[in-house]
Amino acid sequence: MEGVKTWFYCSFCWMLTLHTPHYENVPFEVPKGWVWCMLEDITKIIGDGLHGTPEYDSNGEFYFINGNNLHNRKVIIKDGTKRISILEYEKYRKPLDDTTVLISINGTIGNVGIYNGEKIMLGKSVCYINLCQQINKQYICNILESNFFLKYAIESATGSTIKNVPLKSINEFLLPLPPFAEQQRIVVEIEKWFALIDMIEHGKAELQTLIKQTKSKILDLAIHGKLVPQDPNDEPASELLKRINPDFTPCDNAHSRKLPNGWSKCHLKDVLLIIMGQSPNGETINQINGIEFHQGKLYFSDIFVQSSNVYTSEPTKMAEKDSILLCVRAPVGIVNIVTRSVCIGRGLCALKPKKGNSKFYFYWLQTLQDTFERKATGTTFKAISSETVKNECIALPPLAEQQRIVQKIDELFSILDNIQKALEV
């Protein structure tokens with residue numbers, strides 16, 4: 001929404017009708033009653049702060065500020081803002097008053113603040129503009145915060161490493177000036193639209209949070225057998241587990257909750273081939289050829305692992321195609337599916353379904369992130385062991401229901417993702 005606000009700053013005075021300009025070669029025409037003027041024409045004084053370093057006093061009652069202390073038309077005193085004594089302030093004080101608008105002109109260009117009697121002394125990166133009567137401070141702030149001014153300031157700036165807008169350029173900035181009453185009406189109108197924009201932005205943020213919570217709820221319903229109906233004709237999960245391992249023993253106990261029909265408790269190691277990563281020799285790592293290498297979640301996306309463009313000529317531990325990669329070192333518990341064989345370092349482990357759909361286990365493992373984070377150990381880097389992963393107990397639905405669960409999650413997530421994309425436009 002900041003882009004919308006920026007558009008308002010610079011466009012409210014473009015969609016106007018013909019008037020004879022006060023200056024020649026003006027950027028655009030303005031309505032009857034308006035004039036083009038230089039900023040110096042409507043100010044009592046324009047200056048900047050101290051070109052040097054004052055003597056600091058940790059107990060001083062005044063603050064030495066720069067352009068980074070200006071934000072959203074306010075003077076922001078930060079934890080690291082230096083203090084000065086009243087004697088130092090008196091030596092370098094500037095004639096700030098209730099007509100003063102501040103703007104950053106060195107390094108960071110274009111931060112705007114309104115002086116409201118704060119106990120401050122200005123550094124050289126802050127320009128002060130004391131306006132004449134019949135000039136609305138908020139109207140001038142709208143101009144100074146517009147792309148119209150920012151483009152002018154950047155083009156006027158000097159210096160290669162640290163840009164500086166000369167005071168001469170600030171004085172000569174050409175702006176459109178309406179009558180005072182119209183300045184006030186423009187300010188009121190812009191504030192009304194900005195309030196609406198902020199309301200929409202707040203609603204957008206709430207909706208994005210709701211989307212995230214809804215996805216989490218969908219996964220929670222899925223792992224509890226409440227997302228899709230059970231089919232009594234489905235082969236029970238216990239039969240699937242026995243085909244994988246004839247000696248399978250469920251991890252149910254007397255305190256286990258009642259499972260949906262056809263479901264069975266098992267460990268991750270019962271249904272997934274689990275391979276812990278091991279980093280290859282650093283001298284074999286390159287960006288040209290070999291086996292693609294992944295160390296952590298750097299190339300994770302929403303679902304599928306992206307190419308790392310990092311390779312090893314001597315792979316150690318391999319993740320097979322369609323494996324789920326799980327972060328086992330901080331941040332613990334994040335998962336992605338890899339669609340090709342890759343080498344994995346010790347920050348990852350690979351989980352390959354012995355039977356069934358990789359995407360089903362991908363969704364299931366997402367619900368275990370908090371569990372893995374709680375079980376992680378270590379002081380510098382939190383991590384989970386292979387035993388923690390292998391012995392994590394889950395409730396497994398029949399294979400046919402797994403497929404229905406994936407289909408329903410994909411369907412619902414697609415709707416939510418479309419809403420999310422619409423919010424980002």
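Residues numbered from 1 in each chain as written. Predicted model: local features only at pLDDT ≥ 70, side-chain atom pairs only at ≥ 80, totals over all residues. Heavy atoms only, no water.

Draft legend 1. Just the overall build of the chain, in detail. Scanning the chain for helices and strands turns up 12 helices and 22 strands. Taken against the 2.2 N^0.38 rule, which gives 22 Å for 425 residues, the C-alpha radius of gyration of the chain at 32 Å runs more than 25% over that of a compact globule. If you line up the chain on its principal axes, its C-alpha atoms span 90 × 50 × 45 Å. By the burial criterion, 44% of the 425 residues in the chain qualify as buried. Within the chain, contacts between residues at least 6 apart in sequence are counted, and of these 72% link residues at least 24 apart. Approximately 22700 Å² of the chain is accessible, and the part contributed by carbon and sulfur atoms is 52%. (Helix = DSSP H or I, 4+ residues; strand = E, 2+ residues; numbered from the N terminus. Rg over C-alpha atoms; globule rule 2.2 N^0.38 Å. Buried < 20%, exposed > 50% of the residue type's maximum accessible area, 1.4 Å probe, protein only. Contact = heavy atoms within 4.5 Å. Areas by Shrake-Rupley, 256 points an atom, 1.4 Å probe, with all protein chains shown as cover.)

Draft legend 2. Here's a closer look at the packing of aromatic side chains. For the structure on display, the rule yields 14 aromatic pairs. Members of the aromatic cluster, each reached through a chain of ring pairs, are F28, W36, F148, F149, Y152 and F173. One cation-aromatic arrangement involves K119 over F62; the distance from NZ or CZ to the ring centre is 5.8 Å. Above the ring of F413, the side-chain terminus of K215 is found at 5.0 Å from the ring centroid. (Phe/Tyr/Trp six-rings, centres within 6.5 Å; stacked < 30°, edge-to-face > 60°. Lys NZ or Arg CZ within 6 Å of the ring centre and 35° of its normal.)

Draft legend 3. Focus on a nonpolar patch on the surface. Side chains of W193, L196, M199 and I200 sit close together on the surface and give an oily, nonpolar patch of about 390 Å² of accessible area. For I200, the position within the fold is in helix α6 (residues 180-223). On the basis of relative accessibility, which here comes to 42%, the residue I200 falls in the partly exposed class. (Patch = residues over 30% accessible without salt bridge, like charges linked within 9 Å, V, L, I, M, F, W, Y side chains within 5 Å. Salt bridge = Lys/Arg side-chain N within 4 Å of Asp/Glu carboxyl O.)

Draft legend 4. Spatial organisation of the nonpolar core. Core analysis: the biggest nonpolar cluster contains 46 residues, and L268, L326, L351, L396 and I409 have the highest contact counts within it. Setting aside its immediate chain neighbours within four residues, I409 contacts I218, L219, A222, L227 and Y363. (Core = buried A, V, L, I, M, F, W, Y, C linked by side-chain atoms within 4.5 Å.)

Draft legend 5. The arrangement of helix α12 (residues 399-424) in detail. Here α12 is 26 residues long and its end C-alpha atoms lie 37 Å apart, about the 38 Å a rise of 1.5 Å per residue gives. Taken together, the buried positions of α12 are occupied by E401, Q402, I405, V406, I409, F413, L416, Q420 and L423. Looking at the buried positions of α12, the neighbouring elements they touch are α6, α7 (237-244), α9 (358-366) and β22 (393-396). (Expected span 1.5 Å × (residues − 1).)

Draft legend 6. Quick peek at the sheet that holds strand β19 (residues 335-338). Strand order in the open sheet formed by four strands is β13-β21-β18-β19, and the pairing between neighbours is antiparallel. Edge positions in the open sheet fall to β13 (272-276) and β19, since each of these has one partner strand only. Mean inter-strand twist for the sheet, computed between neighbouring axes without regard to direction, equals 25°. Together, β13, β18 (323-327), β19 and β21 (348-353) form the strand contacts of α9, whose direction differs from that of β19 by roughly 165°. (Pairing = 2+ DSSP bridges. Axes fitted to C-alpha atoms, helices over the stretch in contact; angles between N-to-C directions.)

Draft legend 7. Structural detail: the side chain of Q183. Structurally, Q183 can be placed in helix α6. At 2.8 Å, the side chain of Q183 forms a polar contact with the backbone nitrogen of N136. Beyond its immediate stretch of four places on either side in the chain, Q183 contacts Q134, I135, N136, Y139, L177 and P178. (Polar contact = N/O pair within 3.5 Å; in protein donor to acceptor, adjacent residues only side chain to side chain.)

Draft legend 8. Focus on the sheet that holds strand β3 (residues 62-65). Taken in spatial order, the three strands of this open sheet run β6-β3-β9, and their pairing is mixed. Pairing within the sheet leaves two strands with one partner each, and these edge strands are β6 (83-84) and β9 (120-122). Bridge analysis of β3 against β6 gives two bridges, and the strand direction is antiparallel. Opposite F62, over in β6, you have I84 as the bridge partner.

Draft legend 9. Layout of α6. The end-to-end C-alpha distance of α6, which contains 44 residues, comes to 65 Å, matching closely the 64 Å that a straight helix rising 1.5 Å per residue would cover. By the burial criterion, the buried members of α6 are Q183, I186, V187, I190, F194, I197, K204, I211, I218, L219, A222 and I223.

Draft legend 10. Summary view of the pattern of salt bridges. Under the counting rule described, the total for this entry stands at 16 salt bridges. A salt bridge links K151 to E155; the nearest nitrogen and oxygen atoms lie 2.7 Å apart. Residue K151 and its partner E155 are both found in helix α4 (residues 147-156); the two are separated by four residues, about one turn of the helix. As far as the burial class goes, K151 and E155 line up, both exposed.

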